[in-house]
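Okay, here's what each chain looks like letter by letter:
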Number of protein chains: 2
Amino acid sequence: MDKKSQTDTLSNNTEKKSVGRRDFFKKTAALAGTALLASNATADENSGGEGDKAILEMPEWATKWGDPLTKNLYGMPSKYEHNVTRRYTKLLASGNFRASIAVTPIQESMGIITPNGLFFSRSHGGTAHIDPNEHRLMITGLEKSLVLTMDELKRYPSVTRTHFIECPANSGQEWRGPQYNSVQFSKGFMSCAEWTGVYIKDILKGLGYNKDNIGKLWMLAEGGDSSKMGRTIPMEKVWDDAMVVWGQNGEALRPEQGYPIRLLVPGWEGNLCVKWLRRLDFANEPWYCKEETSKYTVLKSDGKIQQHTYANEVNSTVTSPSPEIDWSNLKEGDVVEIEGLAWSGMGTITKVDLSFDGGKNYVEAQLKGLVLPKCWTRWSYIFTIPKNFQNPDGSQLLLTSRAMDDAGYIQPTVDQELTKVGVEAVYHRNAVETWRVEKDGKVNHVQVRSDLTRDADGNVIIKKGDA
Amino acid sequence: MDKKSQTDTLSNNTEKKSVGRRDFFKKTAALAGTALLASNATADENSGGEGDKAILEMPEWATKWGDPLTKNLYGMPSKYEHNVTRRYTKLLASGNFRASIAVTPIQESMGIITPNGLFFSRSHGGTAHIDPNEHRLMITGLEKSLVLTMDELKRYPSVTRTHFIECPANSGQEWRGPQYNSVQFSKGFMSCAEWTGVYIKDILKGLGYNKDNIGKLWMLAEGGDSSKMGRTIPMEKVWDDAMVVWGQNGEALRPEQGYPIRLLVPGWEGNLCVKWLRRLDFANEPWYCKEETSKYTVLKSDGKIQQHTYANEVNSTVTSPSPEIDWSNLKEGDVVEIEGLAWSGMGTITKVDLSFDGGKNYVEAQLKGLVLPKCWTRWSYIFTIPKNFQNPDGSQLLLTSRAMDDAGYIQPTVDQELTKVGVEAVYHRNAVETWRVEKDGKVNHVQVRSDLTRDADGNVIIKKGDA
């Protein structure tokens, strides 16, 4: 049993660390007078005189019946939120619009739950629509094997955990510098949900196996869709927390998330979380499948390729402001909450720092709400808008966040990552991101780094001894 | 900052309290042999011979492209889940199909999040579709007033909390005995979500007020839809945790939940959580609105009506098995996880007990996953199916759960509640519920109580001295 209180983290704010709540309210109170006067006519439709006019001016929704309940037995978002969707670009496709990725509007995210309609979606063969009555999960490669119907699978003791899933290619287009002036496209290859399913270790224990007697070093997860995604997972992770899940945020997985079942490998590459899962196979050698050899490997600066890179490293980003949600409607002295996300596939976020000068100096941000392992962690910082969105030295604000986790990791600078890894890795990029706030409050995606030597194609030339 | 680990609560199970994991697995392992043999043809489509046959038999989703991502930029559940929806019955309507309630399929719930498409919905004038650009939140009745656009409102420091909302009429049809042979209709007037918004105390502090200087005892919340729902809330609750919320499970409120904003009064009557919120007014007397006088009051057995009953009392139910999800496919010796929900508007669930004989004897169930205040808490119990679904004494299983909270409350028996309250209260029913498992594994909703004296209409006649 896990017990905790939902403390008001804002009340824990130490005012010396960030602009205090008092200043925020000073600003808000200033709104009060004139606005009320202007809207007075709608304040009470029953007051007669002015009120009569107000009745005439009342919006349709205040005077007419709304939709019957029968119209919304499942329900969708308001038509006014039509712009809040996953997004897709041909640039992100693997040569086919069915084998592509639709990314999450994390700039609009709240809390740590991504609704199922907005959960990022990656597929290699399009979205399969599987009949759960026809579908089976096979356990093969062991002396004792198993074929489970979905009903049988769901009879195992279930567990519910909140975890993010992140594509290891999140911001992988940006090794050479900002590619998208967008937080959705540069950091939205991830989402976070409450998952329900069964630990694979519990299925294996049900067959009589434990860590000592199973005698296998690797597990293959294989998809039942047309792409037949296959990925190999070391048994240590299987015995730790890998799950077969059928529930997402309190309902069945959506088809684009692998309905009826997918693998969940908490904190590790999203690609390992095989969707439309049909088989778990066990052996003593990795399978070296297509998507763990030709892709999802890391090309290092010395020309060697690194395989078996699994956990998504500690990471963070500012979500508001961002290129999508800028400060062009704010002015000097306004108080605003800077918000962002932090996450680590290796454990729990312990601290998030925020810089206004692109990473030279940092202050500590506040972690908000629930802070869970291998889960999105929301953070914020209350800030007063300075003149022209500039630092005291006249430079434009450069917002950079930097997260730390309880495995002891901290996000690297761009310099550190480029020097260590190069620019060809595609996957596992977790250097800090920077937004520059322009004089008009618009926000642009930039990259802060020292002048590394670059070749004619713009590639960083790694100095000897650094690689 | 709240920090916690997502412990595997099952590993904390003490085997003496419930049927152990080992027995569960013994049963599961027995499935292994024959099932694999029967499905062997589909096990490997590349194995030649048998494999060729397998290719011919492969389902369409394994051999053809799935849908392109562009088709699902928002997304809906699988067509095979079409039966998992909110449900509606004319019996629950307040005389009009627009002023009614659609209840949540809690028998299908997982974890503690209800997806927005399944969140229970009650309205008194239908679902309004409000343009957020036209909508304002007014703060009136104080010396300093305020009119906020939605953009201005969202600039306050936000908070995210996970809470249930429950209609106080949940199971209110059942004072005289079971009305619905359904857990959805008898207990589904509630759901649970992650809410994002602003504490009302923070808006008031922004105007320069605090508990001591505001000088008002009551707050009115008024809706902007055609029903103009009005409810009065004591200031103590306002200063505690009442919120104006715009976010639900990481996206904007759905129209049927009050888009763009609603009140959230954690743990208290759902009816207080005014949707399509347009005004917060302050005064020293309650408003005695229609929906807090003609309705949402409690008629006691002495003929007096109780007003100002706010918090939803500690409660629980078994969700699986239930009339909707029965045990007719299980047989003696099968091991199954009995699951349910517990909740209290007064605090945090501390313990859930489960009875197999309708409340004579109880064993302790396990709380699962996150246990948060004023929030659904999931619990379970691993159980071995007995012969004919009978207790050792030959009686049919009578499954009854009983929850306790950290405010010190425990669910009453039916006898206790009927004796104390009578049968006319409509609201705030929280006596224990019972499911009877029949010999064929079907599950029926029953009520276990002593033979109270009843009049010709079936009303309980309360003995003198008990009322």
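Residues numbered from 1 in each chain as written. Chains lettered and ligands numbered in written order. Predicted model: local features only at pLDDT ≥ 70, side-chain atom pairs only at ≥ 80, totals over all residues. Heavy atoms only, no water.

Trainee: Help me understand the relation of the copies chain B and chain A in this model?
Mentor: Two copies of one chain are present, and they are related through a rotation about an axis combined with an axial shift. Here chain B sits on chain A after a turn of 180° about the axis and a move of 0.0 Å along it, with an RMSD of 0.0 Å. When the rotation and shift are considered jointly, the pair of chain copies conforms to a two-fold rotation axis. A share of 100% of interface residues in chain B that are also interface residues in chain A marks the association as one of identical surfaces. (Least-squares fit on C-alpha atoms with pLDDT ≥ 70 in both. Contact = heavy atoms within 4.5 Å.)

Trainee: Explain the side chain of Ser316(A) here, please?
Mentor: Structurally, Ser316(A) can be placed in strand β17 (residues 315–320). Within the local environment of Ser316(A), its side chain forms a polar contact with the side chain of Ser401(A), the two groups lying 2.7 Å apart. (Helix = DSSP H or I, 4+ residues; strand = E, 2+ residues; numbered from the N terminus. Polar contact = N/O pair within 3.5 Å; in protein donor to acceptor, adjacent residues only side chain to side chain.)

Trainee: Looking at this structure, how should I read the environment of Glu313(A)?
Mentor: Residues and elements named next belong to chain A. Summarising the element assignment, Glu313 is placed in the loop between β16 (305–306) and β17. With 118 residues separating them in the primary sequence, Glu313 and Ala431 have C-alpha atoms 9.7 Å apart. Residues in contact with Glu313, not counting those within four places in the same chain, are Trp343, Ser344, Met346, His428 and Asn430. A distance of 2.9 Å separates a polar atom in the side chain of Glu313 from a polar atom in the side chain of His428.

Trainee: Explain the sheet that holds strand β26 (residues 443–446) of chain A here, please?
Mentor: In any sheet, the strands associate via hydrogen bonds between backbone groups, in a parallel or an antiparallel arrangement. Residue and element names in this part refer to chain A. With antiparallel pairing, 5 strands are arranged side by side in an open sheet as β20-β19-β24-β25-β26. What marks the edges here is a single partner per strand, and that holds for β20 (363–364) and β26. By the bridge criterion, 3 bridges tie strand β24 (residues 398–405) to strand β25 (residues 434–437) in an arrangement that is antiparallel. Paired with Leu398 across the strands is Arg436, a residue of β25. (Pairing = 2+ DSSP bridges.)

Trainee: Looking at this model, I keep getting lost on the pairing of strand β8 (residues 190–199) of chain A. Mind explaining?
Mentor: Both faces of the sheet carry side chains from a regular strand, because those side chains alternate between them. Residues and elements named next belong to chain A. In terms of residue burial, β8 counts as a mostly covered element, since 10 of its 10 residues are buried. Note: strand β7 (residues 159–166) against β8, 8 bridges, orientation antiparallel. By the bridge assignment, Ile165 is partnered in β8 with Ser191. Strand direction decides the pairing type here: β8 and strand β11 (residues 243–248), joined by 5 bridges, are antiparallel. Bridge assignment links Trp195 to a residue of β11, and that residue is Gln248. (Buried < 20%, exposed > 50% of the residue type's maximum accessible area, 1.4 Å probe, protein only.)

Trainee: Explain the interface of chain B and chain A to me, please; I cannot follow it from the model alone.
Mentor: The extent of an interface is frequently quoted as the accessible surface area lost upon association of the parts. Contacts between chain B and chain A engage 133 residues on the former and 133 residues on the latter. Inspection of the chain B/chain A interface yields 0 salt bridges. One can count 32 residue pairs in polar contact (both at pLDDT 80 or more) joining chain B with chain A. When grouped by side-chain class, the residues that make up the side of chain B that touches chain A number 56 nonpolar, 43 polar and 34 charged. (Salt bridge = Lys/Arg side-chain N within 4 Å of Asp/Glu carboxyl O. Nonpolar A, V, L, I, M, F, W, Y, C, P; charged D, E, K, R; others polar.)

Trainee: It is not clear to me how the sheet that holds strand β21 (residues 366–368) of chain B should be interpreted in this structure. Could you clarify?
Mentor: All names here are of chain B. An order of β17-β18-β23-β21 is seen for the 4 strands of this open sheet, with the pairing classed as antiparallel. Among the strands making up the open sheet, the edge pair consists of β17 (315–320) and β21. Sheet twist, expressed as the average angle between the axes of neighbouring strands with direction ignored, equals 35°. Of the pairings in the sheet, the one linking strand β18 (residues 335–343) to strand β23 (residues 377–384) comprises 8 bridges and is antiparallel in character. Across the sheet, residue Leu341 finds its bridge partner in β23, namely Arg378. (Axes fitted to C-alpha atoms, helices over the stretch in contact; angles between N-to-C directions.)

Trainee: Mind showing me how you'd approach the packing of aromatic side chains here?
Mentor: Think of a pair of aromatic rings as described by two things: how far the centres are apart, and how the planes are tilted against each other in angle. Summed over the entire model, instances satisfying the criterion amount to 18 aromatic pairs over all chains. Ring centres of Phe119(B) and Trp195(B) lie 5.4 Å apart, and the angle between their planes is 85°; this geometry places the pair in the edge-to-face category. Of this pair, Phe119(B) sits in the loop between β3 (101–103) and β4 (121–122) while Trp195(B) is found in strand β8 (residues 190–199), placing the two residues 76 residues apart along the sequence. Residue class for Trp195(B) comes out buried when judged on its relative accessible area of 0%. Between Phe356(B) and Phe383(B), the ring centres sit 4.6 Å apart and the planes meet at 15°, which makes this aromatic pair stacked. Taken together, the residues Phe356(B) in the loop between β19 (349–355) and β20 (363–364) and Phe383(B) in strand β23 connect sequence positions 27 residues apart. Here the two residues Phe356(B) and Phe383(B) agree in accessibility, since each one is buried. Seen from the ring of Tyr209(A), Lys144(A) lies directly overhead, with NZ or CZ sitting 5.8 Å from the centre. (Phe/Tyr/Trp six-rings, centres within 6.5 Å; stacked < 30°, edge-to-face > 60°. Lys NZ or Arg CZ within 6 Å of the ring centre and 35° of its normal.)

Trainee: How do you make sense of unusual backbone geometry when you look at a structure like this?
Mentor: All names here are of chain A. With an omega dihedral of 10°, the bond running from Ser320 to Pro321 counts as a cis peptide bond. Mapped onto the secondary structure, Pro321 falls in the loop between β17 and β18 (335–343). Non-glycine residue Tyr296 carries a positive phi angle of around 60°. Taking the relative accessible area as the measure of exposure, Tyr296 reaches 6% and is therefore buried.

Trainee: What am I meant to see in the environment of Asn133(B) here?
Mentor: All names here are of chain B. Note on placement: Asn133 falls in the loop between β4 and β5 (136–140). A relative accessible area of 60% means that Asn133 is categorised as exposed. For the pair Asn133 and Thr149, spaced 16 residues apart in sequence, the C-alpha separation works out to 7.4 Å.

Trainee: For this particular structure, what's the right way to read the confidence of the model for chain A?
Mentor: In low-pLDDT regions, the fine details of the predicted coordinates are not to be read closely. Residue and element names in this part refer to chain A. Per-chain confidence: chain A averages 86 in pLDDT, with 84% of residues scoring 70 or above. Across residues 7–22 the pLDDT falls below 50, and counting only partners more than four positions away or on other chains, this stretch makes 37 contacts in the model. In the predicted structure, residues 26–52 sits below a pLDDT of 50 and forms 35 contacts with residues beyond four places in sequence or in another chain. The ipTM assigned to the predicted complex is 0.88, against a pTM of 0.88. (pLDDT = per-residue confidence, 0-100.)

Trainee: Sorry, what's going on with the pattern of salt bridges here?
Mentor: Any two side chains of opposite charge can pair, on the condition that their charged atoms come close. All names here are of chain A. By the definition in use, this model includes 44 salt bridges over all chains. A salt bridge links Arg176 to Glu424, with the shortest nitrogen-to-oxygen separation between them at 2.8 Å. With Arg176 in the loop between β7 and α6 (183–187) and Glu424 in the loop between α9 (414–421) and β25, this residue pair connects regions lying 248 residues apart in the sequence. Exposure remark for Arg176: the relative accessible area of 36% places this residue in the partly exposed category. We classify Glu424 as partly exposed; its relative accessible area is 36%. Arg279 is the salt-bridge partner of Glu222, the closest N and O atoms lying 3.2 Å from each other. Taken together, the residues span a long stretch of sequence, with Glu222 in strand β9 (residues 218–223) and Arg279 in strand β14 (residues 277–283) at a distance of 57 residues. Side by side, Glu222 and Arg279 carry an identical accessibility label, which is buried. Look at the salt bridges and you will find they share partners, linking Lys187, Glu417, Arg429 and Glu433 into a network.

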